[in-house]
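Coordinate inspection notes
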Amino acid sequence: MLAIASDHAGFAYKEKTKAFLDTLGIEYRDFGTKTPEAVDYPDFGHAAAQAVSDGTCSEAILVCGTGIGMSIVANKHNGVRAAECTSEAGAELARKHNNANILCFGERLVSWETAEAMIQKFLTTPFEEGRHTVRVNKIHSLTRC
Ligand code: RB5
């Protein structure tokens, strides 16, 4: 089960994301916002990221104006690796190298065509493991150099 959330600045792309997931037959839970009225992105980003952190949802897609605020919010949660992406290649590498479990992007920064390509890569690209497993584990262990 995917978690989906946005603020007002990402609302249109969140709705497009849901329609795209419907065509793929992928189930999701929409954590809001439910209208284009102005809201605060942490209210919705925290709810979706918490669902990933506690295992209620396997992954999440978060949209705001830039994707940056949502990624900062999401990365406060244990076990979350949220990647703010602006390209298909970035979304692919976020999965391959970082095992990202949350994709964030900005409706004000990327075309819908790019957003759709990023979602596709995020959903279908596996983690490469190997040397990247050690590195990803260090993200959560707070090990300092
Ligand atoms: C809302 O205006 C905007 O600040 C928000 O969507 C996001 O881009 C924050 O990072």
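Residues numbered from 1 in each chain as written. Predicted model: local features only at pLDDT ≥ 70, side-chain atom pairs only at ≥ 80, totals over all residues. Heavy atoms only, no water.

A closer look at the site of the ligand
Spelled out, the test is: Being near a molecule or strand, for a residue, means having at least one of its heavy atoms within 4 Å of it. Counting of polar contacts relies on pairs of N or O atoms within 3.5 Å, with two restrictions inside protein: one atom must be capable of donating a hydrogen and the other of accepting it, and residues adjacent in sequence are counted only when both atoms are side-chain atoms. What sets the accessible areas is the Shrake-Rupley method with a 1.4 Å probe; for residues, cover comes only from the shown protein chains. When residues are sorted by character, Ala, Val, Leu, Ile, Met, Phe, Trp, Tyr, Cys and Pro go into the nonpolar class, Asp, Glu, Lys and Arg into the charged class, and all the rest, Gly among them, into the polar class.
Residues in close proximity to the ligand include D7, H8, A9, Y41, C64, G65, T66, G69 and R108, which together make up its full environment. One of the side-chain nitrogen or oxygen atoms of D7 is found 2.6 Å away from an oxygen atom of the ligand. One of the backbone N or O atoms of G65 is found 2.8 Å from an oxygen atom in the ligand. A total of 290 Å² of accessible area belongs to the ligand in isolation, and the protein chains cover 72% of it. Taken together, the residues of the shell around the ligand break down into three nonpolar, four polar and two charged.

Side note on the sheet that holds strand β1 (residues 2-6)
As a reminder, the rule being used: By definition, two strands form a pair when at least two bridges between them are found by DSSP. Secondary structure elements follow DSSP: runs of H or I no shorter than four residues count as helices, runs of E no shorter than two count as strands, and numbering proceeds from the N terminus. Helix axes are fitted to C-alpha atoms over the stretch in contact, other axes to C-alpha atoms as well, and angles between N-to-C directions run from 0 to 180 degrees. Contact definition: two residues touch when any of their heavy atoms are within 4.5 Å.
Judged by pairing direction, the sheet is parallel, and its five strands sit side by side in the order β2-β1-β3-β5-β4 without closing on themselves. What marks the edges here is a single partner per strand, and that holds for β2 (28-30) and β4 (82-84). If you compare each strand with its neighbour and ignore which way they point, the axes differ by 20° on average. Bridge count for β4 against strand β5 (residues 102-106) is three bridges, and the pairing is parallel. In the sheet register, E84 faces β5, and the bridge partner there is C104. Against the sheet, helix α5 (residues 112-124) touches β1, β3 (59-64) and β5, its axis set at about 175° to β5.

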